[in-house]
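Chain and residue survey
Residues per chain are reported as follows:
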Amino acid sequence: METVAVFGINNDALNTAVNVLILVLIVIWAALIWWTFADARRRIDDPILIGCAVAASLFPFVGTIVYAIVRPPEYLDDVRLRELELQTVEARLGELDYALCAHCDYPVRSDFLRCPSCMRRLKERCYSCGKPIDPTWKLCPFCEAETATTPAPRARRRRRSQTEQPTEAEAPPT
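All figures in this text were calculated on a predicted structure; none of them were measured in a lab.

Brief notes about the overall build of the chain
In terms of regular secondary structure, the chain is built from four helices and four strands. Tracing the chain from N to C terminus, the helices and strands come up as α-α-α-α-β-β-β-β. Evaluated residue by residue, the chain yields a buried proportion of 16% over its 174 residues. In the chain, of all internal contacts separated by at least 6 residues, the share reaching a separation of at least 24 is 25%. Surface summary for the chain: the accessible area is close to 14,500 Å², and the carbon and sulfur share equals 60%.

Focus: the side chain of T64
Inspection of the secondary structure assignment puts T64 in helix α3 (residues 62–70). Every residue in contact with T64, bar those within four places of it in the chain, is listed here: L32, W35, T36, A56 and S57.

Structural notes on the packing of aromatic side chains
Aromatic ring pairs are described here by two measures, namely the spacing of the ring centres and the angle between the planes. Under the definition given, this model contains two aromatic pairs. Seen in terms of ring centroids, W34 and F37 are 5.4 Å apart; in terms of plane orientation they differ by 45°. Their pairing is tilted. Here F37 and W34 lie together in helix α1 (residues 12–43), a separation of three residues that amounts to about one turn. Here F37 falls in the partly exposed class, since its relative accessible area comes to 26%. On the basis of an interplanar angle of 75° and a centroid distance of 6.1 Å, the ring pair of W35 and Y67 is categorised as edge-to-face.

What counts as what
Residues numbered from 1 in each chain as written. Predicted model: local features only at pLDDT ≥ 70, side-chain atom pairs only at ≥ 80, totals over all residues. Heavy atoms only, no water. Helix = DSSP H or I, 4+ residues; strand = E, 2+ residues; numbered from the N terminus. Buried < 20%, exposed > 50% of the residue type's maximum accessible area, 1.4 Å probe, protein only. Contact = heavy atoms within 4.5 Å. Areas by Shrake-Rupley, 256 points an atom, 1.4 Å probe, with all protein chains shown as cover. Phe/Tyr/Trp six-rings, centres within 6.5 Å; stacked < 30°, edge-to-face > 60°.

These values are about where atoms sit, not about what they do.
Quick look at the structure:
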């Protein structure tokens, strides 16, 4: 039985070693094609680009090396996880003390009565405790005072005319 001589090698032991080496290189090449396909599926969302990466790896060894250089740096799961974390952080920030002005989208705190940018009234002041409250509330949550749509009239101080003289009871002590 005569074996086929690869590269013109007539030595049976050397010919077997070369055949085994060629088989190993073919297995490694097939494994690199599979690795490129599996890695591209985890990193690339577009099926056409995945096909291009696998087609490039059909060029023995060089295609896989080129793919390894130009592949996206992150897995798709990591990108989705990072976006979810960013959404969570934005939601937490929204729950904190900051909001946006309804008129100009300027960031305002929850205790602002007016927007610093557009000067529009954001909240009313409680007439009892002075804290900012929403105009639709019927009760101040801070002092439990009932809110009114109009402020309670204050007792105004009357100015004395220059002709009026203070009486003895009103006169300051000397």
